[in-house]
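# Topology and contacts: notes
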Amino acid sequence: MNKKTRNLISIRDITRKDLEEMLALGQRIMECPGEYKDVCRGKKLATLFFESSTRTRLSFEAAMIELGGNVLGFSSADSSSAAKGESVSDTVRTVSFYADIIAMRHPKEGAPKAACTRTEVPVINAGDGGHFHPTQTLTDLLTIKTEKGRLGSMVIGLCGDLCFGRTVHSLIEAMSEYPGNEFILISPEELRAPDYIRMILDKSGCSWREVRKMEEVMEDLDVLYMTRVQRERFFNEEDYARLKDTYILDAEKLIPAKPDLCIMHPLPRVNEISVVVDDDPRACYFRQALCGKYIRMALIMTLLGLEKEMRR
Ligand code: NCD
């Protein structure tokens, strides 16, 4: 990766070629994780999480630890100087004296982008409001590649909160680059994907449509990507209560589905996938969470320029 792309703010910061290389590295790490145990010896990752997280923060930290590096950081705005009124830029500028790479999550759209202008240290967007979540997309791509063996020529159903769900925004950005993909956006009217995402789809030339019911399209799907209704981004509790259980995937709804359907979810799940589905071999979401650690190992190595050293 060149100097210009040392931050990961949007999935489009990575060229298709770099993306393919990172996925290949993720797959190699998955096969032989032990070979990478000293790659980041002496390096530090800071995780600055101004918003709650389980998988993203802990998989970043596990990734750095498995690469032989160290981690520091905070897991909520309350336990940082943000609680005293410090700006994100000042926090990031300071932390860059203590760490070699920064992963940051923030409830405000654009905060990681603003922060990275104040530091030379690579900054990774670990989720900014309802905007983007590029490292979840790397996780999703590694999962799809591993489960299906390809990233193109697929019918992809995205279901749930397509308005505030940042994971689907980044995933659409990435998957619309691959030829032959068709997107079916499944959401209630109020939770439709924002205009800028629909514009990306229009520009990509991929075929796409919107439907209200998952039953209508179940038999056509190669990937079904479920999402939670993003309660924390709602303006009022009544709207959330009305919309939260719009979709509940259960065994019955899966009857017409393909035998090799890949059922994904970035997690956390609330009600949108019944726990009985967990035992279905097509349920990939926990394997997906594991892919998150391996691809973040590959990402950290790439942004620190260490992936080339491993090839020597
Ligand atoms: C997602 C997020 O934070 O956007 N979770 C994650 O990172 N795995 C999805 C969500 O919170 O619904």
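From a predicted model like this one, the values you see are computed outputs, not experimental measurements. (Residues numbered from 1 in each chain as written. Predicted model: local features only at pLDDT ≥ 70, side-chain atom pairs only at ≥ 80, totals over all residues. Heavy atoms only, no water.)

The pairing of strands in a sheet comes from backbone hydrogen bonds and takes either a parallel or an antiparallel form. Taking strand neighbours across the sheet as the criterion, the four strands line up as E2-E1-E3-E4 in an open arrangement whose pairing is parallel. Across the chains shown, the open sheet's two edge strands, defined by having one partner strand only, are strand E2 (70-74) and strand E4 (123-128). Each strand axis lies, on average, 15 degrees off the axis of its neighbour in the sheet, ignoring direction. Both strand E1 (residues 44-49) and strand E3 (residues 101-106) contribute to a ladder of five bridges, which runs parallel. Directly across from threonine 47, in E3, lies its bridge partner alanine 103. (Pairing = 2+ DSSP bridges. Helix = DSSP H or I, 4+ residues; strand = E, 2+ residues; numbered from the N terminus. Axes fitted to C-alpha atoms, helices over the stretch in contact; angles between N-to-C directions.)

Our focus in this paragraph is the pairing of E1. Within E1, five of the six residues are buried, which leaves the element mostly enclosed by the surrounding structure. As paired strands, E1 and E2 are joined by five bridges and run parallel to one another. Each bridged residue has a counterpart across the sheet, and for leucine 48 the counterpart in E2 is phenylalanine 74. The β-α-β motif built from E1, the intervening helix H2 (residues 55-66) and the parallel element E2 has right-handed crossover chirality. (Buried < 20%, exposed > 50% of the residue type's maximum accessible area, 1.4 Å probe, protein only. Right-handed = clockwise from strand over helix to strand, strands pointing away.)

A word on helix H1 (residues 16-31). For H1, spanning 16 residues, the distance from its first C-alpha to its last is 23 Å, which sits close to the expected 22 Å at 1.5 Å a residue. Of all the residues in H1, the buried ones are Asp18, Leu19, Met22, Leu23, Leu25, Gly26 and Ile29. Along the axis of H1, the buried positions cluster into a sector of 160 degrees, meaning they face one direction only. For H1, the exposed residues lying more than 90 degrees away from the buried face are Lys17 and Glu31. (Expected span 1.5 Å × (residues − 1). Arc of directions from axis to C-beta.)

This next bit is on the domain arrangement of the chain. Once the domains are mapped, the chain shows domain 1 (11-132 + 292-311) and domain 2 (135-289). Look at where the C-alpha atoms of domain 1 and domain 2 centre, and you get two points 25 Å apart. At the junction of the two partners, domain 1 supplies 32 residues and domain 2 supplies 29 residues. For the pair domain 1 and domain 2, the summed buried area comes to about 2,500 Å², and 57% of that belongs to carbon and sulfur atoms. Of the charged contacts in the structure, one is a salt bridge between glutamate 173 and arginine 12, with a shortest N-O distance of 3.8 Å. Among the elements of the structure, H1, H2, E3, E4 and helix H9 (285-303) are those that each provide at least two residues to the side of domain 1 that touches domain 2. At eight residues, H1 tops the list of elements feeding residues into the side of domain 1 that touches domain 2. Considering only residue class, the side of domain 1 that touches domain 2 consists of 13 nonpolar, 10 polar and nine charged. (Domains from an automatic or database assignment. Contact = heavy atoms within 4.5 Å. Buried area = accessible area lost by both parts, 1.4 Å probe. Salt bridge = Lys/Arg side-chain N within 4 Å of Asp/Glu carboxyl O. Nonpolar A, V, L, I, M, F, W, Y, C, P; charged D, E, K, R; others polar.)

Below, the discussion takes up the packing of helix H6 (residues 166-175) against helix H7 (residues 195-204). Where H6 contacts H7, the two axes come as close as 10 Å, and the packing angle between them is 15 degrees. One way to sum up the angle between H6 and H7 is to call them roughly parallel. Of the two elements, H6 crosses H7, and the hand of that crossing is left-handed. Residue-level contacts link His169, Ile172 and Glu173 of H6 to Tyr196, Ile197, Ile200 and Leu201 of H7. (Parallel < 35°, antiparallel > 145°, perpendicular 65-115°, else oblique. Left-handed = near helix turned anticlockwise from the far one by under 90°.)

It is possible for side chains of opposite charge to pair when their charged atoms get near one another. By the definition in use, this model includes 27 salt bridges. For arginine 242, the salt bridge identified is with aspartate 239, shortest N-O distance 3.1 Å. Taken as a pair, arginine 242 and aspartate 239 lie in helix H8 (residues 237-243) at a separation of three residues, close to a single helical turn. Ionic contacts of the salt-bridge type, sharing partners, join the residues Glu189, Arg192, Asp195, Arg198, Glu210 and Arg212 into one network.

With that out of the way, let us pick up the sheet that holds strand E9 (residues 262-264). If you walk across this open sheet you meet the five strands as E7-E6-E5-E8-E9, and the pairing is parallel. Each edge of the open sheet carries a strand with a single partner, namely strand E7 (207-211) and E9. The average angle at which neighbouring strand axes cross in this sheet is 15 degrees, direction not considered. Inspection of the sheet shows strand E5 (residues 155-159) paired to strand E6 (residues 182-186) by five bridges, in the parallel sense. By the bridge assignment, glycine 157 is partnered in E6 with isoleucine 184.

Near the ligand you find Thr56, Arg105, His133, Gln136, Arg166, Thr167, Arg228, Gln230, Pro266, Leu267 and Pro268, and these make up its full shell. Contact between the ligand and threonine 56: an oxygen atom at 2.8 Å from a side-chain N or O atom of the residue. Interatomic distance of 2.7 Å between a side-chain N/O atom of arginine 228 and an oxygen atom of the ligand. The fraction of the free accessible surface of the ligand (320 Å²) that becomes covered by protein chains is 94%. (Near = heavy atom within 4 Å. Polar contact = N/O pair within 3.5 Å; in protein donor to acceptor, adjacent residues only side chain to side chain. Areas by Shrake-Rupley, 256 points an atom, 1.4 Å probe, with all protein chains shown as cover.)

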